[in-house]
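# Coordinates in review
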Amino acid sequence: MPYRLTVIGTGYLGITHAACMADLGFDVLGLDIDADKIDRLNNGELPIHEPGLEPVLRRGLDSGRLRFTTSYEEIAEFGDVHFICVGTPQKRGEYAADVSYMDAAIDSLAPLLNRECLVVGKSTVPVGTAGRLADRLARLAPAGVQAELAWNPEFLREGFAVQDTLKPDRIVIGVRSERAEKVLREVYEPLGEVPMVVTDFATSELVKTAANAFLATKISFINAMAEVCEAAHADVKQLSEALAYDDRIGGRFLNAGLGFGGGCLPKDIRAFMARAGELGADQALTFLREVDAINMRRRARMVDLARELAGGSFHGCTVGVLGAAFKPNSDDIRDSPALDVAVTIGHQGGRVTVYDPIALDNARKAHPELSYGESALEAVRGAHVVLLLTEWQEFVELDPEELGAAVATRRIVDGRNALNAEAWRSAGWHYRALGRP
Ligand SMILES: NC(=O)C1=CN([C@@H]2O[C@H](COP(=O)(O)OP(=O)(O)OC[C@H]3O[C@@H](n4cnc5c(N)ncnc54)[C@H](O)[C@@H]3O)[C@@H](O)[C@H]2O)C=CC1
Ligand SMILES: O=C(O)[C@H]1O[C@H](OP(=O)(O)OP(=O)(O)OC[C@H]2O[C@@H](n3ccc(=O)[nH]c3=O)[C@H](O)[C@@H]2O)[C@H](O)[C@@H](O)[C@@H]1O
């Protein structure tokens, strides 16, 4: 392989990128400031849950093509292409993104560079960040060292991270030179035929935030329809099925329910609005305020429905919550709608017990005030109301009779429109769902 790669920031994105690039044949050195994470990775242990990633990590380590370090000196010495995958969370109390980890990564790397290299930003950032980081890199790199910046946003989904990395829908690169374009084309050549959009920094940054804004909007659109369905006694599930037959609309990301959470869509639409405001284009994105509001209203509606089923108050009520992760097949609980609902019900006096197949440890750490069960049955034992908040397959396959034997009263709210309503009703459950009669 023509280049040695480094990956700075080994979280959900960075680990996947590092392991997959090693699987494609590159020598890869991953770096994080979290020494514990690096130790675990070097021992072949994944600090996150991502289906299919562990064998890829192990293959990389066993082949000797993949290693992890905490030393910026080592990666500066090693890499021809440095991918930056550090976090860009929402700032506390503000809509804007906190890009200080990006700055810190450049500040640590740039002064140590000693040969020609390309530094490639992959994290999701407010438009204009790449240009600013390019100046910072040029200022901090030693004189005479050719270090150039490029932008290459990432579109992978958690739960499908490996397949999305190895078979992406498209690759977008923002470059300022033919050389940078050539290097990135060579890096991604082993992926085979993938549409590649080569553009400027600002457009490449915007493609990413626009994509997430569109996805969030599609989810909030169908959830707005769910609100109207609730008022009109119509069925949003059938409505979305019918819409999906129109190819121009399409059925993906049209599942009504508890709405979107996670470490990306919520913070990305807020950061997008904040950045548009700074640019004087805030009016263009005022609709995203409504997208966000519709999304948050679903959580409130879920709590209201649960309270209704509890008889008007959560006091003295036991609530079994199925799901803690922000979506199935992930252990990620960042801005999880499920946990948000569970915590709110706890604050309103409910005795809440949560179960999740994979995200239980993360949930326990973040919310020690909640109770946890080791299985779905344990979480719903003695419950007056059961809430399905993350549509794990394990929950979809639950037997209404078996669950019915464990609860105090057979009442369930399906927050993800994932269960077979008929089967639950005919097993004597009072079944309710968001957006359905
Ligand atoms: N999680 C996902 O599915 C996707 C995430 N993204 C974007 O990728 C970026 C990273 O997201 P995640 O991987 O989810 O975050 P994460 O929080 O899982 O990982 C970030 C990692 O960066 C490390 N880090 C922080 N400062 C550092 C520094 N100065 N030097 C080295 N390492 C440092 C942290 O210790 C952490 O391990 C964000 O901008 C996110 O929006 C983009 C596409 C998909
Ligand atoms: O920028 C990112 O980090 C990533 O954000 C999302 O990926 P992810 O957050 O992993 O998860 P999604 O599958 O998009 O789901 C996000 C949320 O929307 C919810 N959702 C999704 C689809 C749907 O129809 N309805 C719905 O409520 C999910 O339950 C989940 O809470 C995007 O799908 C990725 O393309 C992007 O790279």
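From a predicted model like this one, the values you see are computed outputs, not experimental measurements.

## Some points on the domain arrangement of the protein
Many authors give the size of an interface as the accessible area that is lost as the parts come together. Domain annotation for the protein reports domain 1 (4-199) and domain 2 (214-433). Contact residues are listed per partner, giving 18 residues for domain 1 and 18 residues for domain 2. For the pairing of domain 1 and domain 2, the buried interface totals around 1,500 Å² over both sides, and the portion due to carbon and sulfur atoms is 54%. Looking at the side of domain 1 facing domain 2, the largest losses of area belong to His49, Tyr95 and Glu158, adding up to 41% of the total buried there. Where domain 1 meets domain 2, there are 1 salt bridge. A salt bridge links Glu158 to Arg334; its shortest N-O distance comes to 3.4 Å. Here domain 1 is connected to domain 2 by 9 residue pairs in polar contact (both at pLDDT 80 or more). For the side of domain 1 that touches domain 2, the per-class residue count stands at 10 nonpolar, 6 polar and 2 charged.

## Points about the site of ligand 1
Taken together, 27 residues lie around ligand 1, and Asp32, Lys37, Tyr72, Thr88 and Lys267 are the ones closest in. At 2.6 Å from an oxygen atom of ligand 1 is found a side-chain nitrogen or oxygen belonging to Lys37. The contact in question runs from a nitrogen atom of ligand 1 to an N or O atom on the side chain of Glu158, over 2.9 Å. Contact with the protein chains covers 90% of the free accessible surface of ligand 1, which is 830 Å². Put simply, the parts of the chain that give the shell around ligand 1 at least two residues each are helix 1 (12-23) and helix 5 (100-109). No other element matches the 3 residues that helix 5 contributes to the shell around ligand 1.

## Re the site of ligand 2
Around ligand 2, a shell composed of 21 residues is seen, among which Phe155, Leu156, Lys208, Asn212 and Cys264 lie nearest. For ligand 2, an oxygen atom lies 2.8 Å from a polar atom in the backbone of Glu158. The contact in question runs from an oxygen atom of ligand 2 to an N or O atom on the side chain of Lys208, over 2.7 Å. Contact with the protein chains removes 90% of the 710 Å² of surface that ligand 2 exposes when unbound. Residue assignment for the shell around ligand 2 shows that the elements contributing at least two residues are helix 9 (201-232) and helix 11 (265-278). If one sorts the elements of the shell around ligand 2 by residue count, helix 9 sits on top with 4 residues. Across the shell around ligand 2, the residue classes break down as 10 nonpolar, 4 polar and 7 charged.

## A few points about the packing of aromatic side chains
For the structure shown, the criterion picks out 2 aromatic pairs. Consider the rings of Tyr355 and Phe395, whose centres lie 6.0 Å apart with planes at 65°: the pair is edge-to-face. Highlighted residues: Tyr355 in strand 10 (residues 351-355) and Phe395 in helix 16 (residues 393-396), separated in sequence by 40 residues. Take Phe395: its relative accessible area is 0%, and that puts it in the buried class. Geometrically, the ring pair formed by Trp424 and Trp429 is edge-to-face, given 5.0 Å between the ring centres and 70° between the ring planes. Residue class for Trp429 comes out buried when judged on its relative accessible area of 4%. If you follow Arg170 out to its NZ or CZ, it ends over the ring of Phe155, 3.7 Å from the centre.

Calculation rules
- Residues numbered from 1 in each chain as written.
- Chains lettered and ligands numbered in written order.
- Predicted model: local features only at pLDDT ≥ 70, side-chain atom pairs only at ≥ 80, totals over all residues.
- Heavy atoms only, no water.
- Domains from an automatic or database assignment.
- Contact = heavy atoms within 4.5 Å.
- Buried area = accessible area lost by both parts, 1.4 Å probe.
- Salt bridge = Lys/Arg side-chain N within 4 Å of Asp/Glu carboxyl O.
- Polar contact = N/O pair within 3.5 Å; in protein donor to acceptor, adjacent residues only side chain to side chain.
- Nonpolar A, V, L, I, M, F, W, Y, C, P; charged D, E, K, R; others polar.
- Near = heavy atom within 4 Å.
- Areas by Shrake-Rupley, 256 points an atom, 1.4 Å probe, with all protein chains shown as cover.
- Helix = DSSP H or I, 4+ residues; strand = E, 2+ residues; numbered from the N terminus.
- Phe/Tyr/Trp six-rings, centres within 6.5 Å; stacked < 30°, edge-to-face > 60°.
- Buried < 20%, exposed > 50% of the residue type's maximum accessible area, 1.4 Å probe, protein only.
- Lys NZ or Arg CZ within 6 Å of the ring centre and 35° of its normal.

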